[in-house]
Structures are given as structure tokens and as C-alpha cells.
Amino acid sequence: MNRLIIRGGRLFDPSTGTDGIHNLYVMGGRIASFKPADRDTTEINPGPGVEVIDARGLLVTPGLIDVHTHLREPGFEYKETIRTGTLSAAAGGFTSILCMANTAPVNDNESVTRYILEKAKEEGAVNVFPVGALSVGQKGERLADMRELKRAGCVAVSDDGMPVVNGGLMRKALEYSSVCGMPVISHSEDTALSGSGVMNEGAVSTRLGLKGIPNAAEESMIARDISLAELTGGRLHIAHVSARGSVELIRMARGKGLKVTAEAAPHHLTLTDEAVGRYNTNAKMNPPLRTVADVEALRAGLRDGAIDCAATDHAPQSIIEKDVEFERAANGIVGLETAFSLVYGLVADGLLPLNAAISALTINPARAMGLDRGTLKVGSVADIAIIDVNRDWTVDPLKLKSKSKNTPFTGMTLKGVIVKTIVGGRTVFSAD
Amino acid sequence: MRFKSKDLLGIEDLDSQDIELVLSTAGSLREVSEREIKKVPTLRGRTIINLFYEPSTRTRTSFEIAAKRMSADAVNISVSASSAVKGETIKDTAKNLEAMKPDCIVVRHSASGVPHMLADYLKCSVVNAGDGAHEHPSQALLDMFTVKEKKGTIKGLKLAIIGDIGHSRVARSNIYGFTKLGAEVVVAGPPTMMPPGIERLGCRATFSMEDAIADADVIMMLRIQLERQKESFFPTIREYSMLYGLDEAKLKMAKKDVLILHPGPLNRGVEISPAVADGPYSMILDQVTNGVAVRMAIFYLLLGAAKE
Amino acid sequence: MKSRLVMDEKGIERATARIAHEILERNRGTEGLVILGIPTRGYGIALRLQSIIEVIEGVRLPAGAVDATLYRDDLGIKKEQPFLKKMEIPIAIDGKTIVLVDDVLFTGRTIRAAMNALMDFGRPRSIQLAVLVDRGHRELPIKPDYVGKNIPTSLKEGVKVRLQEIDGSSEVSVIEKE
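This one's a predicted model, so the numbers in the text were calculated from it and none came from an experiment. (Residues numbered from 1 in each chain as written. Chains lettered and ligands numbered in written order. Predicted model: local features only at pLDDT ≥ 70, side-chain atom pairs only at ≥ 80, totals over all residues.)

### So, the overall build of chain A
Moving on, step 1. A tally of regular secondary structure across chain A gives 14 helices and 18 strands.
Moving on, step 2. Computed over the C-alpha atoms, the radius of gyration of chain A is 21 Å, within 12% of the 22 Å expected from 2.2 N^0.38 for a compact globule of 432 residues.
Moving on, step 3. With the principal axes as the frame, chain A shows a C-alpha extent of 65 × 45 × 45 Å.
Moving on, step 4. Within the span of chain A, comprising 432 residues, buried residues form 61% of the whole.
Moving on, step 5. For chain A, contacts bridging at least 24 residues in sequence account for 75% of all contacts bridging at least 6. (Helix = DSSP H or I, 4+ residues; strand = E, 2+ residues; numbered from the N terminus. Rg over C-alpha atoms; globule rule 2.2 N^0.38 Å. Buried ≥ 20, exposed ≤ 12 C-beta atoms within 10 Å, placed from the backbone. Contact = placed C-beta atoms within 7 Å.)

Written as C-alpha cells, this is what we have:
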């Protein structure tokens with residue numbers, strides 16, 4: 001049986017409360033044991049079938065989990081494929097990703113789900129968990145066959161990208177989610193309020209002469225979704241929270257004990273609408289970058305647990321979508337390869353405890369989506385990230401593994417380099 | 001003297017010296033349009049492309065005449081933004097135009113920021129002839145020129161801008177320009193058309209037209225797009241006109257020697273009454289005349305010296 | 001920077017007075033004359049000539065300014081374009097005798113530009129050229145009709161004219177450039 005030994009790293013696993021210099025033993029793709037390095041007297045005989053990784057000075061965590069990516073396949077392979085998207089994930093330390101249903105065709109039936117899973121099995125570098133569409137064709141009219149999707153391998157449903165405007169439909173989806181055991185991921189946006197807005201509504205949009213999207217477009221819909229979660233008892237996960245009022249609403253809902261989880265994207269945790277600068281379409285996404293007050297509220301939410309997940313909303317777009325008029329440019333940025341460093345940057349700046357940061361990237365998303373991942377407890381699948389948090393790197397879009405290069409972080413120096421990504425005991429990414 | 005930038009993208013980027021330079025240069029050039037032979041050889045051999053993605057006979061003609069009076073060759077390209085080739089990126093557009101070796105591209109587009117994107121890709125000069133709801137620098141410069149000519153100075157004046165501030169590039173450029181030259185600017189319009197944080201541009205904002213025009217030296221009326229009523233920015237045109245239209249009764253609240261500006265085209269009887277539009281305080285036709293001189297000055301300052 | 005005084009206020013006054021007399025003599029009076037100076041100091045001298053002639057003849061000739069900047073042949077070569085000055089043509093110049101006035105005549109290129117500018121305003125009967133200083137080094141076939149003073153110079157030198165009404169004091173000096 002293949003063995004992998006990761007020696008001398010700082011093992012950091014919120015799920016087991018582990019933090020210390022440990023040797024980690026992997027056997028047959030699962031965690032066999034871990035022991036404090038100074039008391040570990042195991043004799044290691046390197047040989048065939050035994051790989052030893054020297055992790056001294058490095059952070060060893062459960063493989064990161066991203067509950068919000070767009071792999072674009074099938075349908076938009078010129079932006080990203082399952083192959084390139086999972087390579088990008090691996091380069092970002094992610095071992096499991098959830099891919100959204102807004103492909104062409106939409107992932108609203110088992111044949112699309114199966115296609116994605118088979119393709120991921122053949123070509124994927126990391127674990128891919130499909131998110132099924134909430135409504136047929138993401139049209140917001142009829143519920144998709146959630147049980148069929150679940151059976152085929154979907155782990156959640158969402159019309160992400162297409163807000164569910166119809167409250168009645170959202171109610172039914174939440175009711176059904178209880179039966180299926182799948183959370184509903186809500187892209188909460190009142191499209192009548194966001195209108196033709198293309199960035200945050202505020203002083204910057206006024207200065208640039210761009211139509212704005214008010215915080216209320218998100219907050220009011222989250223309020224509705226929370227009400228419906230309370231009404232139905234369904235499992236609600238709020239995607240990409242961007243506004244300060246939203247954090248408040250989610251905090252209250254969780255305080256009441258509702259089954260509500262929520263994610264914030266690294267870009268919303270680090271950038272404001274000023275990043276739009278001179279019409280930089282790589283700073284255009286939905287929900288938009290907000291203000292300092294919103295960024296601070298999101299960070300506070302991540303600290304106190306109101307926001308429990310950090311998720312990338314990795315949304316590859318080609319230059320055909322991005323090198324156009326700002327108002328016509330497509331939303332979204334690639335995020336998998338910058339996510340860890342951006343979240344860790346908050347830790348390095350003393351704004352976020354390491355435990356909250358790693359939890360938000362490992363065990364919390366696993367729990368939110370009911371995945372048996374995000375932990376290094378003995379017996380679990382050996383999905384591991386090894387990270388050098390003391391090393392800096394500079395974002396060069398051309399060096400990203402993603403097929404698309406739409407990042408607003410070009411040229412920025414970030415903290416934390418992914419050294420190795422291990423999926424099921426097998427190394428899928430190694431830094432040069 | 002030349003601009004610090006190769007482009008004229010917005011008044012926000014200019015300082016008061018740049019603005020004064022354009023105004024004084026325009027002052028010298030205005031005489032050319034009064035001559036029998038309305039042409040000087042200054043920009044012989046220069047090519048200027050007027051790239052208009054949005055119909056605008058007035059602005060395009062003004063730029064075209066300005067170019068021709070300076071002896072530059074002006075070529076007009078009209079593209080309807082909706083029919084713009086899909087799949088062609090801004091960079092493609094820029095590189096295609098550049099291949100024709102123009103010295104300057106004057107661009108008008110319904111989307112904010114397009115001139116800026118073009119300028120980043122192009123070696124030649126780019127002049128913003130109006131981008132979305134962002135800026136319309138040549139309009140603001142001609143407005144400042146017109147006011148300075150009549151009042152001698154802009155410093156210390158009170159300018160009231162009335163109407164649809166949110167959708168107005170003319171308002172934004174003028175707020176920057178007039179405040180940079182030391183005027184007090186007050187904007188007024190319905191709350192639905194007042195964008196958040198407009199004060200950060202340097203003006204005061206009010207919903208009361210009366211408050212804005214009280215003791216104003218200059219009143220700038222913005223054109224109201226009648227289709228905004230369908231989008232419920234105001235309930236009826238009649239109501240808008242009563243609250244934010246300029247008529248002789250409201251005019252009495254301003255200074256005795258007030259100047260009335262309007263970027264045109266007018267909605268007579270909506271934002272401005274015919275009597276006021278044609279009255280003694282109206283500078284509307286002076287603005288048009290001065291527009292040519294100001295645009296000649298812009299071309300002189302951008303194209304009059306050796307290329308970099 | 002070395003500077004050598006070649007004319008003082010008195011010298012300038014004498015030279016302009018003589019030019020005024022020569023203009024009147026050559027044109028047999030003031031009939032049809034228009035005096036146009038090239039800004040800034042050529043225009044200053046033009047106004048001086050206008051006053052002197054008014055004293056002598058009791059006639060105030062129309063005087064104005066011709067800014068030649070827009071007609072310069074070096075605009076596309078210079079790194080910075082010059083400030084534009086005023087063009088002030090006081091009357092229709094068709095059939096008039098124009099006395100074009102500049103402070104220093106050097107290569108002749110400014111005069112060429114000014115003559116082209118004038119032609120755009122009409123068809124004068126003739127153009128005569130008056131300069132306070134002729135420093136030589138002509139590059140175009142241009143010859144002044146009235147000269148205050150011939151000052152041979154080298155190309156390393158510059159000639160600086162100051163006028164009381166513009167600069168606060170009057171003098172002509174030759175400056176050696178580095």
C-alpha cells in the first residue's frame with residue numbers, strides 16, 4: 001500500500017483542534033495517523049511506495065474546499081474546462097470544488113451531472129462536486145428534479161447567476177431541500193433594484209458615470225430568503241455576501257438557530273469599488289465590490305462566524321467578454337489561485353485569526369455542503385494542502401493555471417505560496 | 001505649451017492651469033471663424049477621426065468644423081453601438097483605427113469609459129466627445145469659455161446646474177471645471193435623478209431648484225430625456241416642468257445679469273420656457289459658436305507640436 | 001551669460017522716429033497706410049510708430065497685431081507649441097499698404113508666416129517691413145524696408161529687445177548663449 005509521510009510541518013486542522021508540529025502519515029489515500037514530531041519515534045524507511053515530504057517551516061492543512069466555482073464546461077470551454085479549472089484549483093490549494101450549474105446545457109438533469117462527473121474523473125485534478133440547477137434551465141419557473149440531481153451526484157442546488165426572483169419558487173426549493181438533503185445556494189439579488197447597474201452604487205459609480213447596484217438589492221433578497229428558510233426549515237446557503245446589511249441579517253438568522261450558512265469571496269473581503277479605477281472590467285463582478293464599511297463588516301462576519309465560508313466565485317471570462325465597454329463586460333473574476341493568499345493576508349495583517357481563516361476554507365464549507373471532507377482526522381480522505389505562509393508572490397495573470405486571466409489582482413504581491421496540493425494521498429500540484 | 005497628457009478624457013484630470021490654457025487659446029482662435037477665409041494652415045497633414053457611436057449632429061459637426069478650420073483632415077465614422085460588431089474587442093477597434101494612422105480620435109460613446117480604454121491602447125491622441133454619463137470635457141470647456149467671456153472671470157460666481165444630474169456627463173464635467181476655477185456650484189434635480197455622493201465632485205446638491213438658482217450668476221439647464229418618464233424618474237412631464245423647468249418667474253430669483261446655458265438640443269416648454277430660451281440672458285447660441293473655437297484650441301494643444 | 005548693450009531708450013526712440021519719417025517719406029504721407037506689429041514687442045513698436053506719425057502728421061493710422069503663430073513652419077517640429085497671441089486686424093486690408101513691424105529680423109521665417117497670415121485677411125496693395133534690429137542670418141529671401149539698426153551677430157548670440165511699456169525699461173542687448 002502506498003504511503004505518504006509529511007514530516008515536520010505545522011499541522012493546522014480546525015476540525016480536530018490540531019495545531020502543532022506534527023508528522024502526518026497517509027496510507028492508501030487516507031489519513032493513517034499524525035504524531036507530534038518531537039515525540040515521534042517512528043522509523044521511516046524510504047523505499048518504493050513511500051514518499052516523504054519535508055514540510056518543516058510549512059503549514060499543513062486539510063485540502064481547501066471551494067463551494068463556489070464556475071468550471072464553464074460544458075458549453076464555454078473557451079473560458080475554462082474541467083481540466084484547466086481543476087488545475088487552477090489545485091494550484092490554489094483546493095482539493096474539492098463545487099461547480100455551478102450555469103453551463104450550456106444547464107446542469108438541471110442527471111445527464112449533465114454525469115457528464116461533469118465523468119469528465120472530472122478522467123481529467124480533473126481535484127474532487128469536483130456539481131451543483132444542480134434549482135429550476136429547469138435556470139429559468140426561475142419550475143423546480144428542477146432535485147432528487148434526480150442528488151442521485152446523479154449533485155451536492156446542492158442553485159440558480160447562481162440567475163437570482164430566483166420568484167419567492168414562491170424559492171420557498172418550494174427550500175421545502176424540497178429538506179427531503180433531498182441538499183442545501184439551496186442562493187444568489188440573493190432583487191433584479192428590479194439592481195436594474196442595469198454595473199458596479200456598487202455610491203460615490204465611485206457617480207464619479208465614473210456608471211449605473212449602480214445598491215446594497216439593498218442584495219440585503220432585501222437575503223431578508224426574504226432567511227424568512228423562507230425560517231418558514232420552511234430548509235437548508236439555505238447564501239452565496240457571495242457583499243453588503244454590510246447582509247452580514248447583519250445572516251448573523252441574526254444564525255443567532256436564531258436557522259439552518260443558514262453564508263460565504264464571502266476573497267475579493268469582497270479585500271477590495272472596494274475604488275478598484276474599478278479607470279473602468280477596469282476585471283474589477284467587475286456581481287455582486288459588485290462595495291465600500292470600506294462593507295469590507296469591514298464582511299471581515300467582522302468572518303471573525304465572529306456569521307459568515308462561515310470563504311468561497312471564490314471563480315468565474316473565468318475571456319477577453320471577448322472583458323475587453324469591451326465596462327457596462328457590456330461580463331461579470332466575474334478568476335479566484336482559485338489567489339483565494340488562499342487573500343484570506344491569509346487578513347491573518348497576516350492581524351484582522352482574522354488563523355483558525356477562522358482555515359475553518360472558512362476547509363471544515364466549514366464541508367459542513368455547509370454536507371461533504372465528508374475538510375478534515376485531517378484519522379480515517380478521512382487524505383486531501384491536504386501544504387503552504388509556505390512566509391513566502392510572497394506577485395500575481396501575473398499569464399502564469400495562472402486557469403484558462404482565463406481576468407483577475408483584478410495583477411501585479412499585487414500576496415502572502416502565502418501553495419507548495420503542494422494532495423488529493424486522496426496523491427500530489428496533484430507542486431510549486432516549482 | 002502643451003497638455004501633460006496626450007489625450008483629453010475628462011475635466012477631472014485637468015488642473016486650473018490646463019483649463020485656463022484652453023480658454024486663452026480658444027480666445028485667440030475664435031477670430032478665425034469671423035474671417036472671410038475661415039481657415040489657418042496650422043494642422044495641415046494631420047488626420048482626425050470623429051468616431052461617433054452615438055448620434056450627435058451638433059457635437060460631431062462642431063468637432064469637424066474645428067478640425068477643418070485648423071486645416072486638419074477630418075473623417076467621420078458613425079457606428080451604432082447596438083450594431084457594433086460582436087466579438088470585436090475594444091483593442092481590436094483601437095488597433096484597426098490606428099492602422100489608418102490618425103493623429104487624433106474624437107470619440108463619443110453611450111458607455112462610460114470607452115475613450116479611456118481606447119486611449120490606453122492608442123498612441124495617437126484621444127478626445128472624449130462624451131462618454132455615457134461620465135464626462136463631456138469639450139462641452140464644459142465651451143461653457144466655461146462662454147461664462148468667462150461674459151463675466152470676465154469664473155472665480156466667485158455661483159453656478160446652478162438643474163435637471164437630470166445622474167445621467168448627465170455635462171453636469172459632471174462642469175462641476176469639475178467650474179469648481180477648479182473657483183466658482184461655487186450647486187446642482188438641483190429630483191431625488192430620483194440625484195446620484196449618491198455627487199457632493200464629492202465638489203458641488204452642493206439640493207432638490208430645490210429655487211434654492212439652487214437663488215442669486216445664481218449662471219444657470220445651466222440640462223436636457224431632460226423624455227423617455228425617463230417611462231422609467232418613472234418623474235411622474236409627469238408637466239410636474240417636472242413645474243418643479244425643475246426654468247421660466248421667467250423663476251428667473252427673477254437669480255442675479256439680474258444671470259447667464260442661461262443649455263447644452264442643447266432644447267426641449268422647449270419642458271426644462272426651459274421659450275421666452276427664457278430666446279431671452280436676453282440666453283447664451284445658447286454663443287455656446288455653439290464658442291464650441292468651435294474651444295475645439296480648435298483642443299486640437300491645437302494636442303496636435304500643434306511635434307509628436308512624442 | 002554675457003550681455004552687451006547695443007541700444008538704450010534714447011537710441012530706440014531715435015531709431016523709431018527715423019523709421020516713422022522714412023515711412024512717411026517713402027509713402028508720401030499717410031494715405032492707405034496700416035501699421036501691423038507682430039506680438040509681443042513688434043506690436044509695441046508698431047504702437048510707438050503710430051504715435052510718432054500722429055505727432056508728425058496729425059493722423060492716427062490704424063494699427064493692429066498679426067500673430068503669425070498659426071502659420072509657423074516649425075510647429076510640427078517644436079516640442080511645445082507656442083502660446084497663441086491676439087490677431088487684431090483693425091480694418092479691411094484690401095488695397096492698403098501694410099507696414100509690418102517686428103523687433104528683430106533674423107531668419108525671416110516669422111515674417112513669411114506673418115505675410116501668409118495677412119493674405120488670409122485680404123489682398124493688400126503692398127507690404128513693407130520695418131524692424132528695430134536686423135541681426136542678419138536670413139534663411140528666406142526677405143529684406144526689410146526700414147531698419148532701426150543693423151547689428152551683426154553670430155549664431156551663438158541672441159538679441160533681446162525690451163520696451164518700457166511691456167518690460168518696464170527699454171534697451172536692446174546682445175546676449176551670448178552658452
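### As for helix H7 (residues 215-232) of chain A
Residues and elements named next belong to chain A.
Moving on, step 1. For H7, spanning 18 residues, the distance from its first C-alpha to its last is 26 Å, which sits close to the expected 26 Å at 1.5 Å a residue.
Moving on, step 2. Taken together, the buried positions of H7 are Asn-215, Ala-217, Glu-218, Glu-219, Met-221, Ile-222, Asp-225, Ile-226, Leu-228, Ala-229 and Thr-232.
Moving on, step 3. Immediately downstream of H7, the backbone of Gly-233 shows phi near 75°, a positive value. (Expected span 1.5 Å × (residues − 1).)

### Some thoughts on the sheet that holds strand S8 (residues 171-176) of chain C
Sheet strands pair by backbone hydrogen bonding; their relative direction is either parallel or antiparallel.
Residue and element names in this part refer to chain C.
Moving on, step 1. Strands sit in the order S1-S8-S7 across an open sheet of three strands; the sheet is antiparallel. Every other strand in the sheet has two partners, leaving strand S1 (3-8) and strand S7 (157-162) as the edge strands with one partner each. Strand after strand, the sheet turns through a mean of 20° between neighbouring axes, direction not considered.
Moving on, step 2. As judged from the five bridges shared by S1 and S8, these two strands associate in the antiparallel manner. Directly across from Asp-8, in S8, lies its bridge partner Glu-171.
Moving on, step 3. Across the sheet, helix H1 (residues 9-27) is in contact with S1 and S8; its angle to S1 comes to roughly 50°. (Pairing = 2+ DSSP bridges. Axes fitted to C-alpha atoms, helices over the stretch in contact; angles between N-to-C directions.)

### A word on the domain arrangement of chain A
Interface size is commonly expressed as the accessible surface area that is lost when the partners come together.
Residue and element names in this part refer to chain A.
Moving on, step 1. Per the domain assignment, the segments making up chain A are domain 1 (3-60 + 380-430) and domain 2 (64-368).
Moving on, step 2. Between the C-alpha centres of domain 1 and domain 2 there is a distance of 26 Å.
Moving on, step 3. Contacts between the two partners involve 25 residues from domain 1, matched on the other side by 45 residues from domain 2.
Moving on, step 4. Those elements giving two or more residues to the side of domain 1 that touches domain 2 turn out to be strand S16 (384-394), strand S17 (413-423) and strand S18 (426-430).
Moving on, step 5. In terms of residue count, S17 provides more of the side of domain 1 that touches domain 2 than any other element does, six residues in total.
Moving on, step 6. Among the residues forming the side of domain 1 that touches domain 2, the class breakdown is 14 nonpolar, seven polar and four charged. (Domains from an automatic or database assignment. Nonpolar A, V, L, I, M, F, W, Y, C, P; charged D, E, K, R; others polar.)

### Notes on the environment of Ile-52 of chain C
Residue and element names in this part refer to chain C.
Moving on, step 1. Relative to the elements of secondary structure, Ile-52 occurs in helix H2 (residues 41-57).
Moving on, step 2. Look at Ile-52 and you get partly exposed, because 19 C-beta atoms sit within 10 Å.
Moving on, step 3. In contact with Ile-52, not counting residues within four places along its chain, are Thr-16, Ala-17 and Ala-20.

### What about unusual backbone geometry?
Moving on, step 1. Cis peptide bonds are those with omega within 30 degrees of zero, and the linkage from Asn-286 of chain A to Pro-287 of chain A qualifies with 0°.
Moving on, step 2. Among the structural elements, Pro-287 of chain A can be located in the loop between helix H9 (266-270) and helix H10 (292-304).
Moving on, step 3. In this structure, Thr-40 of chain C follows Pro-39 of chain C across a cis peptide bond, with omega equal to 5°.
Moving on, step 4. Backbone geometry at Arg-28 of chain C places phi at a positive 55°, although glycine is not the residue there.
Moving on, step 5. Position of Arg-28 of chain C relative to the elements: it lies in the loop between H1 and strand S2 (33-37).
Moving on, step 6. By the C-beta count within 10 Å, which is 7 here, Arg-28 of chain C ends up exposed.
Moving on, step 7. The phi torsion at His-137 of chain C lies on the positive side, around 65°, for a residue other than glycine.
Moving on, step 8. Judged by the 13 C-beta atoms lying within 10 Å of it, His-137 of chain C falls in the partly exposed class.

### Quick word on the interface of chain A and chain B
Moving on, step 1. At the junction of the two partners, chain A supplies 18 residues and chain B supplies 21 residues.
Moving on, step 2. Sorting the residues of the side of chain A that touches chain B by element identifies helix H6 (203-208) and helix H11 (319-322) of chain A as the ones contributing at least two each.
Moving on, step 3. The residue inventory of the side of chain A that touches chain B, partitioned by class, reads eight nonpolar, three polar and seven charged.

### Some words on the sheet that holds strand S6 (residues 146-150) of chain C
All names here are of chain C.
Moving on, step 1. Strands sit in the order S3-S2-S4-S5-S6 across an open sheet of five strands; the sheet is parallel. Of all strands in the sheet, those bounded by a partner on one side alone are strand S3 (63-65) and S6. Averaged over all pairs of adjacent strands, the angle between their axes in this sheet comes to 25°, without regard to strand direction.
Moving on, step 2. In terms of strand pairing, S2 meets S3 through three bridges, oriented parallel. Across the sheet, the residue bridging to Ile-35 is Ala-63, located in S3.
Moving on, step 3. On the sheet, H1 packs against S2, strand S4 (97-105), strand S5 (126-134) and S6 and is oriented at approximately 150° with respect to S6.
Moving on, step 4. Across the sheet, helix H3 (residues 109-119) is in contact with S4 and S5; its angle to S4 comes to roughly 155°.

### Some words on the interface of chain C and chain B
Moving on, step 1. Counting residues at the interface gives 17 residues for chain C and 15 residues for chain B.
Moving on, step 2. Each residue belonging to the side of chain C that touches chain B can be placed in one class, and the counts come to eight nonpolar, two polar and seven charged.

### A few points about the packing of helix H1 (residues 16-29) of chain B against helix H11 (residues 284-303) of chain B
Two quantities define a packed helix pair, namely the angle between the helix axes and the distance between the axes.
Residues and elements named next belong to chain B.
Moving on, step 1. Interaxial distance between H1 and H11 falls to 8 Å at its minimum, and their mutual angle equals 115°. On the basis of the axis angle, H1 is roughly perpendicular to H11. At the point where H1 passes H11, the crossing takes the right-handed sense. Facing Leu-21, Val-22, Thr-25, Ala-26 and Leu-29 of H1, the residues of H11 in contact are Ala-293, Val-294, Met-296, Ala-297, Ile-298, Tyr-300 and Leu-301. (Parallel < 35°, antiparallel > 145°, perpendicular 65-115°, else oblique. Left-handed = near helix turned anticlockwise from the far one by under 90°.)

### Quick word on the domain arrangement of chain B
All names here are of chain B.
Moving on, step 1. Considered domain by domain, chain B is made up of domain 1 (11-134 + 289-303) and domain 2 (137-287).
Moving on, step 2. Taken over C-alpha atoms, the centre of domain 1 sits 25 Å from the centre of domain 2.
Moving on, step 3. The partner domain 2 presents 24 residues to the 22 residues of domain 1 that form the contact.
Moving on, step 4. Looking at the side of domain 1 that touches domain 2 element by element, the count peaks at six residues for H11.
Moving on, step 5. For the side of domain 1 that touches domain 2, the residue count by class is nine nonpolar, eight polar and five charged.

### Some words on the arrangement of the chains
Moving on, step 1. In this assembly, two pairs of chains are in contact, and the pair contributing the most contacts is chains A and B.
Moving on, step 2. One thing to see here is that chain A and chain C don't touch, and their nearest C-alpha atoms sit 28 Å from each other.

### Structural notes on the environment of Lys-96 of chain C
Residues and elements named next belong to chain C.
Moving on, step 1. As for its position among the elements, Lys-96 is in the loop between S3 and S4.
Moving on, step 2. According to the C-beta neighbour criterion, Lys-96 is buried, with 20 such atoms within 10 Å.
Moving on, step 3. A C-alpha to C-alpha distance of 33 Å links Lys-96 and Ser-169, two positions 73 residues apart in sequence.

### Thoughts on the nonpolar core
Moving on, step 1. One finds Ile-105, Ala-160, Ile-162, Val-187, Ile-219, Met-296 and Phe-299 of chain B to be the most contacted residues of the largest nonpolar core, which totals 163 residues.
Moving on, step 2. No other element matches H11 of chain B, which puts 11 residues into this core.
Moving on, step 3. Sequence-distant contacts of Ile-219 of chain B, that is, excluding residues within four places in its chain, are made with Ala-160, Ile-162, Ile-213, Leu-246, Ala-254, Val-258 and Ile-260 of chain B.
Moving on, step 4. Counting residues in hydrophobic clusters, the runner-up holds 121 residues, among them Val-67, Ile-82, Met-146 and Ala-385 of chain A. (Core = buried A, V, L, I, M, F, W, Y, C linked by C-beta atoms within 7 Å.)

### Here we look at the pairing of S4 of chain C
All names here are of chain C.
Moving on, step 1. Most of S4 sits out of view: eight of its nine residues are buried.
Moving on, step 2. As paired strands, S2 and S4 are joined by five bridges and run parallel to one another. Bridging from a neighbouring strand, Leu-36 pairs with Leu-100 of S4.
Moving on, step 3. Across eight bridges, the pairing between S4 and S5 is parallel. By the bridge assignment for S5, Thr-97 is matched with Ser-126.
Moving on, step 4. Remark: the S4/H3/S5 crossover connection has right-handed handedness. (Right-handed = clockwise from strand over helix to strand, strands pointing away.)

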